[in-house]
Amino acid sequence: MTSKNLFFKLEKEEWKRKLWLAALAFLVFFFAMPVGLALGLSNAAERYDTMVKSGQIILVSRTETLTQTVLNYVSASKNGMMIVLMIAAAVVCGAASFSYLHNKKKVDFYHSIPVKRATLFAAAFLTGLLIPAAAYALNLVLALGVAAGYGVSLGTVASSAAVGWAFHMLYFWLLYSVAVLAMMMTGNLVVGLLGTTVFYLYFPALGSVISAYFSTFFRTYLPTYGERTIMDILERISPGSLYLLAYNSLQPGEGAASLIAVSVIAAVAVTALAAILYQKRPSEAAGKAMAFSVSKPAVRIALVLLFSLSGGLFFWGLHSTSGWAVFGVVAGAVLCHCIVEIIYHFDFRKLFAHKLQLAVCTAAGLAVLFCFKNDWLGYDTYLPEADQVAEAAVDLGQDYWITYDEIVRKEDGSAVRNYKNDLDYQFEHMKITNLQPVLEIAAKGIEYGLAEDQENSDGGEYWTTVNIQYTLKNGRKVRRRYYRMPLSEVMDAVEELWEDPQYQYGKYPILSKSETEVVRAEYRVSSGGTVLQTAELSSGEQVQELLRVYKEELRGLDIDTMKSENPIAQLRFLDETEAEYADVKTEEDSYDSWAQDGGYYPVYPSFVRTLELMRQAGMEPETVWDHVQAEEIIIEDSSAMAQESSEDFMASSERYIFYQVSYRNQEEIKEILANAVLEDYLNMNWLAEIETPVIYITIRNENGSQSNVTARFPVGEEPDFVVQALKAELENQMR
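Residues numbered from 1 in each chain as written. Predicted model: local features only at pLDDT ≥ 70, side-chain atom pairs only at ≥ 80, totals over all residues. Heavy atoms only, no water.

Colleague: Give a detailed account of the overall build of the protein chain, specifying residues and quantitative values.
Modeller: Secondary structure assignment for the protein chain yields 27 helices and 14 strands. C-alpha extents for the protein chain along the principal axes are approximately 105 × 70 × 55 Å. Within the protein chain, buried positions represent 46% of all 735 residues. Within the protein chain, residue pairs in contact and separated by at least 24 positions form 76% of the contacts whose partners lie at least 6 positions apart. Counting every atom, the protein chain has about 36200 Å² of accessible surface; 57% of that belongs to carbon and sulfur. Side-chain charges in the protein chain split into 59 positive and 87 negative, and the spacing between the mean points of these groups amounts to 20 Å. (Helix = DSSP H or I, 4+ residues; strand = E, 2+ residues; numbered from the N terminus. Buried < 20%, exposed > 50% of the residue type's maximum accessible area, 1.4 Å probe, protein only. Contact = heavy atoms within 4.5 Å. Areas by Shrake-Rupley, 256 points an atom, 1.4 Å probe, with all protein chains shown as cover. Lys, Arg positive; Asp, Glu negative; His and termini not counted. Charge placed at Lys NZ, Arg CZ, Asp CG, Glu CD.)

Colleague: Could you give an account of the state of the cysteines, naming the residues involved and the relevant values?
Modeller: Each disulfide consists of a covalent bond between the sulfur atoms of two cysteine residues. Applying the stated criterion to the full structure yields 0 disulfides. Residue Cys 336 stays outside any disulfide, its sulfur separated by 8.8 Å from that of Cys 361, the closest cysteine. Here Cys 371 is not disulfide-linked; the sulfur of Cys 361 is the nearest cysteine sulfur, at 17 Å. (Disulfide = S-S within 2.5 Å.)

Colleague: Go over the pattern of salt bridges with me, naming the residues and quoting the values.
Modeller: All chains considered together, the criterion is met by 27 salt bridges. Linking Glu 522 and Arg 520 is a salt bridge whose minimum nitrogen-to-oxygen distance equals 2.9 Å. The same class applies to Glu 522 and to Arg 520, which are both buried. We note a salt bridge from Arg 548 to Glu 545, for which the minimum N-O separation is 2.6 Å. With Arg 548 and Glu 545 both in helix α19 (residues 540-555), this residue pair falls 3 residues apart, about one helical turn. By relative accessible area, Glu 545 is classed as partly exposed at 31%. (Salt bridge = Lys/Arg side-chain N within 4 Å of Asp/Glu carboxyl O.)

Colleague: Explain a negative patch on the surface to me, and be specific about the residues and the numbers.
Modeller: On the surface, a cluster of negative charge is made up of Glu 440, Asp 492, Glu 496, Glu 499 and Asp 560. If you trace the backbone, Asp 492 turns up in helix α17 (residues 491-498). Residue Asp 492 is classed as exposed on the basis of its relative accessible area of 62%. (Patch = residues over 30% accessible without salt bridge, like charges linked within 9 Å, V, L, I, M, F, W, Y side chains within 5 Å.)

Colleague: Quick rundown of helix α11 (residues 256-280)? Include the residues and the values.
Modeller: Look at α11: 36 Å from first C-alpha to last across 25 residues, which is about the 36 Å you get at 1.5 Å a residue. Among the residues of α11, Ala 256, Leu 259, Ser 263, Ala 267, Val 270, Thr 271, Ala 274, Ala 275, Leu 277 and Tyr 278 are the ones counted as buried. As for α11, its buried residues are in contact with α5 (104-112), α6 (117-149), α7 (154-185), α9 (230-236) and α10 (239-250). (Expected span 1.5 Å × (residues − 1).)

Colleague: Give a description of the side chain of Arg 520 that names residues and reports values.
Modeller: Inspection of the secondary structure puts Arg 520 in strand β6 (residues 518-527). Classification of Arg 520 as buried rests on a relative accessible area of 11%. Not counting residues up to four positions away in its chain, the partners in contact with Arg 520 are Glu 536, Leu 537, Ser 538, Val 543, Arg 572, Phe 573, Leu 574, Ala 579, Ala 582 and Asp 583.

Colleague: Residue-level account of the packing of helix α8 (residues 189-217) against helix α14 (residues 355-373), with values.
Modeller: Pairs of packed helices are described in terms of their axes, by the angle between the two and the distance that separates them. Following both chains from N to C, one finds α8 and α14 inclined at 35°, their axes separated by 9 Å at the closest point. On α14, the residues touching Tyr 213, Phe 214 and Phe 217 of α8 are Leu 369, Phe 372 and Lys 373. When the residues that make up the contact of α8 with α14 are grouped by side-chain class, the tally is 5 nonpolar, no polar and 1 charged. (Axes fitted to C-alpha atoms, helices over the stretch in contact; angles between N-to-C directions. Nonpolar A, V, L, I, M, F, W, Y, C, P; charged D, E, K, R; others polar.)

Colleague: I'd like a description of a nonpolar patch on the surface, backed by residues and values.
Modeller: Side chains of Trp 20, Leu 24, Val 28 and Val 92 sit close together on the surface and give an oily, nonpolar patch of about 340 Å² of accessible area. It is helix α2 (residues 19-53) that provides the largest number of residues to the nonpolar patch, a total of 3 residues. Note on Leu 24: relative accessible area 40%, which makes it partly exposed.

Colleague: Describe the packing of α7 against α10, listing the residues and the values that go with them.
Modeller: With their axes 9 Å apart at the nearest point, α7 and α10 run at an angle of 170° to one another. Put simply, α7 runs roughly antiparallel to α10. Crossing of α7 against α10: the hand is right-handed. Here Phe 167, His 168, Tyr 171, Leu 174, Leu 175 and Val 178 of α7 lie close against α10, whose contacting residues are Pro 239, Gly 240, Leu 242, Tyr 243, Ala 246, Tyr 247 and Leu 250. (Parallel < 35°, antiparallel > 145°, perpendicular 65-115°, else oblique. Left-handed = near helix turned anticlockwise from the far one by under 90°.)

These figures capture arrangement, not role.
Written out as structure tokens, the structure reads:
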């Protein structure tokens, strides 16, 4: 009972001693929360009222708008400013709670009190934790009062506010405990603040430097996001990084629970470590740079290695030569070592107090530099044996028109867009077990990656960047990226890969869509945002049959077909959620790339059964020009003319002459259109071979306005009269 009373007395004294901190915390939270929310609600109300007066269509009520504004301020995943506030508060509270440890007289006084050190630590630590917690909670209540004053129902926001308070206070605890740990390990306030910065930033900085070495020196490096790589692990060994990761994971609602659990464990562990160090900390440490001599070499070596590697990378970026990189490594190591020694000893004469450690760290930095630069580990030439690989995924760097974003339904029933990276989707869904074509493509990628002058490589077609992921039989995933390689040199392997169903299912999301899920098919012929023809089909059986047939013919699309013909139309198939999302975005009259263009797939002339079903539904892409009034066509071409040589590089480079011809005669226009392919559809066929002239088509719309679309001639399809007209125009300009 006596010890309990003693603890509360100490706690009371701590509150008196830190009254200034409580006042500061209250003021900061006051302006950040109730005042900030009042401003936000006032602005939101004014904007809403202005929209109503102007007659704009508003899909949500005034109360719903204000409620969302409140949630943006008080919930865990909406107000990013709270992260900045919590980090600053943790540093200030950590330094203030144990500032007496850096003053010899105060340390002697506190440690002369007949109270166990554990009790002293608990009282000081708990006060620094409770002050911002109380200030945050009190101002949160005031903010909710402001919300109620604007007519927002507290029942709809109170739970989110409570969860937000708990979330941010958890990470304040973690950040605060790390700051306290830095104070335990140092004997000087400034050094303690520097130590806090090191604890917050060192491992993310180390992970970033290692990642930069990979991307700078390895030509085949492909970043792996979300996987447990060494860089990813290092970037998570930081309270700030964990805070940001958890905050971001709350929004999609994925992975937050595991991150929060790890954060709780980390906060408990760091608090316990700080308490242990407090009991072992010698009183004589006050005024010194470091409280524990054993930590000096560890911190010194870690910092010198980081700065030596950073120096090498910095000077390599300025001038990509080995000499400057070596200079950077040496300069970074020496400068960091000298600065750390000055901080440790407060004496310039101790700059090189540990020459051997400096030499070892410099040698280690140089070894890492040349290991990456010369690829001693064979990273860029890595090619696994087929029997080592369980499955693979390949992105050929073509077909950028495919949409991988997903439309999903939230818990509240609304349809939202879930953004999906193209590589992430393909690497997740593609399970290729026929590895021979994959390894053949990779081998050619390695060959071109090692070429000294690949920009000037002769020959080859379909130059691209290939991305490959190997899933090894031990479960490890290995990724490689091969820049600028011609697929024409491995076309047999590409053809074999293209016809592999496992490749197709990983490449085209539509192949995984069930016929029973779709409720609507949408057809269009368009180019450059101008829609020439459009139609919808919502009859259940017809839509399902159309999708089934289309998927069959898409799977049968081979390389030879793509070389010989080009798409003539687009189709997309929407399930209920996707249809709802597209309709809502259309009603809102706001541009959304998925609602406008997402999910469309090309229809080729060889898709005979698909086209037959489309014709039965009134979709006739073959007759599109019969229903469009093309008023004028301008065909433009260019010709390169070499200028006289000169010492000036720009003066001796090629000069281009642009020339054009125009047509208004309907017979000529019809012949041109019969041979032209809309440019959007050429972009959907990476094997398309086209002539150089560009066709600009001016269309007269039904309402009298004009639209313009762009097209090209496939190789061999340019009408003779156009060829002759362009030739004559070029000769005319060259006279």
